[in-house]
Amino acid sequence: MCNKDDLVSYLYDDLAAPARAAFEQHLRACEECRDELQSMRGVRADLLTWSPPEPDFAFRIVKEPLAAHATNEPRPAQASVLRPDVPSWRAWFTPAAGLAAAAVLVLAAAAGLARVEVRSGPDGWTMRTGWPASAPSAADAGGFRVAGGAAHGVDVNLATSPDAAVWASIERRIAALENESRDTNVRNVSTLSARSSEDILKVVRDLLAQSETRQKGELALRIQQVIRDMDMKRAADLNGVRQGLSRIDANVTEEAVTHRELMNYILTNSKQK
Amino acid sequence: MSSTDEELVARSQGGDMDSFNQLVMRWERPIYALAYRTIGREEDARDVCQETFLRAFRALKGFKGQAKFSSWLYRIALNLCRDWIRRERRQPVAQAPEGVDLIELATESTPTESIEDLVARQEISQAVARAMALLPEDQRTAIILKEYHGLTFQEIADMLDCPLSTVKTRLYQGLTVLRRQLDRNAGYKHV
C-alpha cells in the first residue's frame with residue numbers, strides 16, 4: 001500500500017534526504033504513484049493560473065475619537081476603517097459640488113433671462129434688464145424709467161415681464177399716481193414720486209425674486225433629469241459592451257474547441273499512420 | 001531598511017497607528033487574496049479583509065507573538081470567511097471575471113505568449129475557480145494556504161488546529177478531486 005502522505009510531502013519538496021531517497025526508489029517501482037505525482041504536478045500548474053482580481057481598497061485603520069470611549073469601563077482598542085476618496089466622476093459629483101454648480105447655472109440663467117446690462121453714462125451708472133429685440137425701447141413700449149438719484153438709475157423693461165397682468169396693474173397704479181400728483185403742489189409731487197418709486201422698486205424686486213425661485217426649481221429638475229439620462233445611457237452602454245465581450249468570448253471559446261478537436265484528430269490520424 | 005513584522009507589532013501595541021498601517025499595507029493583498037479564493041466574491045473579500053485588520057487592531061494587545069503575525073492574521077481572516085460561508089449558507093462562488101477582456105489579458109501576457117495561449121490560460125483559470133468552489137471547505141483551505149501562501153504543513157496544521165497528517169490527507173484528497181473536475185471540463189487544456 002502506497003503512502004499518500006509521502007507522496008504529498010514529495011510533491012511539495014518537504015521530505016528529508018533519506019525519506020526522499022526512499023520515496024524515489026518507491027517511485028521507480030510504482031507506476032500508480034508516478035502517474036499520480038505527474039497528475040498532481042499538472043493540477044498545481046493549473047492552480048497557478050487562478051489569481052484574484054486586482055483590489056482597489058487602500059483603506060487605513062484610524063482610531064475613533066476619544067469621545068467614543070468616554071466611559072470608565074475597560075474596552076478593547078477602538079478603531080474604524082478610513083477609506084480614501086474614490087477618484088471617479090461620481091465621487092467628484094458630491095451634493096455640495098452639485099449644488100454649487102446648480103447655483104452658478106441659476107445665476108447665469110437668471111442673468112441671461114433678465115438680460116442684465118450695466119453701463120455708465122452721463123447720468124452715472126445704469127443697470128438695464130430686458131430684451132431690446134422684443135421691446136424696442138422702454139419709452140416705445142410704454143415702459144417707464146425709475147431714477148434712483150443723480151448718480152444711479154435703473155431701467156426696467158415691462159415688455160418682458162413674466163406676468164403681464166401684474167405689470168399692467170402696476171402701470172395703472174403709476175398712472176393713477178401721476179394723475180393724483182397733478183392735483184398737488186410741486187413739493188408734494190416730488191415726495192409722492194419718490195415714495196411711488198420705492199413701492200415700484202419693491203414690487204419689481206419681489207417679482208424678480210419669485211421668478212428666480214421658479215427658475216431655480218425648474219433648473220434643479222432639469223439637472224436631475226440630465227443626471228438620470230446620463231446614468232441610463234451609461235448603463236445601456238455598459239450592457240452593450242458586456243454583451244459584446246460575451247459574444248467575443250463565446251466565439252473565441254468555440255474556435256479554440258474546434259482547433260483543439262482538429263489538432264486531436266490530426267494527431268490521432270498521424271499516430272495511426 | 002524596512003522594519004520586521006515583530007517590530008511594527010511592538011510599536012503598534014505602543015499606540016503607533018502608522019506602524020499598524022504599515023502592517024496593513026504589507027498584508028492587505030495576501031489577506032484579500034486568501035478571502036477571495038475562499039469565498040469567491042470580490043466585494044465580500046474586500047469586506048473580510050478590512051474586518052480582519054479591524055479585529056487584529058482591537059485584539060493587538062492580546063497578541064503575544066506565539067505565532068507569526070501573518071499566521072495570526074490568516075487565522076482571523078479564515079474565521080471570518082467561515083462565518084461568511086455559514087451566514088450565506090452556500091458554497092463559495094466561482095466568480096469568473098466578466099467576459100474575457102482581451103486588452104487586459106494582452107497586458108498580462110509574456111512576450112512569447114500568443115493570444116490563443118492567453119485565452120486558454122483564462123479558460124483554465126475559470127475552470128480552476130469553478131473546481132475549487134466545489135471542494136469541501138477544509139480541503140479548499142488547505143490547498144489555498146499551501147499553494148498560494150506557501151505555508152508549511154506545520155503552519156497549516158497549527159492554523160487549522162489539526163494534525164500534520166490530516167493536512168496532507170486534505171491536500172491529497174483536494175488535489176485528486178480537482179484533477180477529476182478539471183479533466184471533466186471539455187475543451188480544457190492543461191498548462
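What counts and how
- Residues numbered from 1 in each chain as written.
- Chains lettered and ligands numbered in written order.
- Predicted model: local features only at pLDDT ≥ 70, side-chain atom pairs only at ≥ 80, totals over all residues.
- Helix = DSSP H or I, 4+ residues; strand = E, 2+ residues; numbered from the N terminus.
- Buried ≥ 20, exposed ≤ 12 C-beta atoms within 10 Å, placed from the backbone.
- Contact = placed C-beta atoms within 7 Å.
- Axes fitted to C-alpha atoms, helices over the stretch in contact; angles between N-to-C directions.
- Parallel < 35°, antiparallel > 145°, perpendicular 65-115°, else oblique.
- Nonpolar A, V, L, I, M, F, W, Y, C, P; charged D, E, K, R; others polar.
- Expected span 1.5 Å × (residues − 1).
- Core = buried A, V, L, I, M, F, W, Y, C linked by C-beta atoms within 7 Å.
- pLDDT = per-residue confidence, 0-100.

## Digging into the overall build of chain A
- What chain A contains, in helices and strands, is 7 helices and 6 strands.
- The proportion of buried residues among the 273 residues of chain A is 7%.
- Considering only contacts in chain A between residues 6 or more positions apart, those separated by 24 or more positions represent 45%.

## Points about the overall build of chain B
- Scanning chain B from N- to C-terminus turns up 9 helices and 0 strands.
- Listing each helix as α and each strand as β along chain B from the N terminus yields α-α-α-α-α-α-α-α-α.
- In chain B, the share of contacts with a sequence separation of at least 24, taken over all contacts with a separation of at least 6, comes to 65%.

## Notes on the packing of helix 7 (residues 137-148) of chain B against helix 9 (residues 164-184) of chain B
All names here are of chain B.
- Interaxial distance between helix 7 and helix 9 falls to 8 Å at its minimum, and their mutual angle equals 100 degrees. Between helix 7 and helix 9, the crossing angle belongs to the class labelled roughly perpendicular. On the side of helix 7, the interface is formed by D138, Q139, R140, A142, I143 and K146, while helix 9 contributes V167, R170, L171, Q173, G174 and L175.
- Across the contact of helix 7 with helix 9, the residue classes tally to 5 nonpolar, 3 polar and 4 charged.

## Some remarks on the interface of chain B and chain A
- Contact with chain B, which involves 50 residues of that partner, is made by 40 residues of chain A.
- For the side of chain B that touches chain A, the element with the highest residue contribution is helix 2 (residues 17-39) of chain B, accounting for 10 residues.
- Looking at the side of chain B that touches chain A residue by residue, the class counts come to 26 nonpolar, 7 polar and 17 charged.

## Overview of helix 3 (residues 31-47) of chain A
- Here helix 3 of chain A contains 17 residues, and its C-alpha end-to-end distance of 24 Å stays within 8% of the 24 Å for a straight helix at 1.5 Å per residue.
- Of the surrounding elements, those touching the buried residues of helix 3 of chain A are helix 1 (4-11) of chain A together with helix 6 (115-134), helix 7 and helix 9 of chain B.

## A short note on unusual backbone geometry
- At D13(A), a position not held by glycine, the phi torsion is positive, near 55 degrees.
- Of note in this structure, D161(B) is not a glycine but carries a positive phi near 55 degrees.
- Here D161(B) is to be found in the loop between helix 8 (153-160) and helix 9.

## Describing the nonpolar core
- Grouped together as the largest cluster of nonpolar side chains are 57 residues, with contacts concentrated most on I31(B), A35(B), V48(B), L73(B), A77(B) and C81(B).
- Residues contacting C81(B), with those up to four places away along its chain left out, are A35(B), T38(B), I39(B) and V48(B).

## Details of the confidence of the model for chain A
Residue and element names in this part refer to chain A.
- Of the residues in chain A, 56% reach a pLDDT of 70 or more, and the chain-wide mean stands at 71.
- Here residues 67-71 scores under 50 on pLDDT; set against residues more than four positions off or in separate chains, the count is 3 contacts.
- Here residues 85-94 is modelled with pLDDT under 50, and outside its nearest four sequence neighbours on either side it reaches 4 contacts, counting other chains as well.

## Focus on the packing of helix 3 of chain A against helix 9 of chain B
- One way to put it is that helix 3 of chain A packs onto helix 9 of chain B with a least axis distance of 9 Å and a crossing angle of 75 degrees. One finds that helix 3 of chain A runs roughly perpendicular with respect to helix 9 of chain B. Where helix 3 of chain A approaches helix 9 of chain B, its residues S39(A), M40(A), V43(A) and D46(A) are matched on the opposing element by L175(B), L178(B), R179(B) and L182(B).
- In terms of residue class, the contact of helix 3 of chain A with helix 9 of chain B is made up of 5 nonpolar, 1 polar and 2 charged.

## Remarks on the environment of Q50(B)
- You can see Q50(B) is positioned in helix 3 (residues 42-58).
- Between the C-alpha atom of Q50(B) and that of Y32(B), which follows or precedes it by 18 residues, the distance is 8.6 Å.

## A word on the confidence of the model for chain B
All names here are of chain B.
- In this model, chain B carries a mean pLDDT of 85, and residues with pLDDT of at least 70 account for 83%.
- Confidence scores differ between elements of chain B, with helix 5 (residues 102-108) showing the lowest mean pLDDT of 51 and helix 7 the highest of 95.
- Low confidence marks residues 96-100, where pLDDT is under 50. Its contacts with residues over four positions away, or in another chain, come to 15 contacts.
- Model confidence for the complex is summarised by a pTM of 0.53, with the ipTM given as 0.82.

## Brief notes about helix 6 of chain B
- Over its 20 residues, helix 6 of chain B extends 29 Å from the first C-alpha to the last, a length consistent with the 28 Å expected when each residue adds 1.5 Å.
- Every buried residue of helix 6 of chain B is accounted for by A120(B), Q122(B), E123(B), I124(B), A127(B), V128(B), A129(B), A131(B) and M132(B).

## A short note on the environment of A77(B)
All names here are of chain B.
- Position of A77 among the secondary structure elements: in helix 4 (residues 69-88).
- We classify A77 as buried; it has 26 C-beta atoms within 10 Å.
- Distance in space between the C-alpha atoms of A77 and A56 is 9.6 Å, their sequence separation being 21 residues.
- A77 has contacts with I31, L34, A35, V48 and T52, leaving out every residue within four places of it along the chain.

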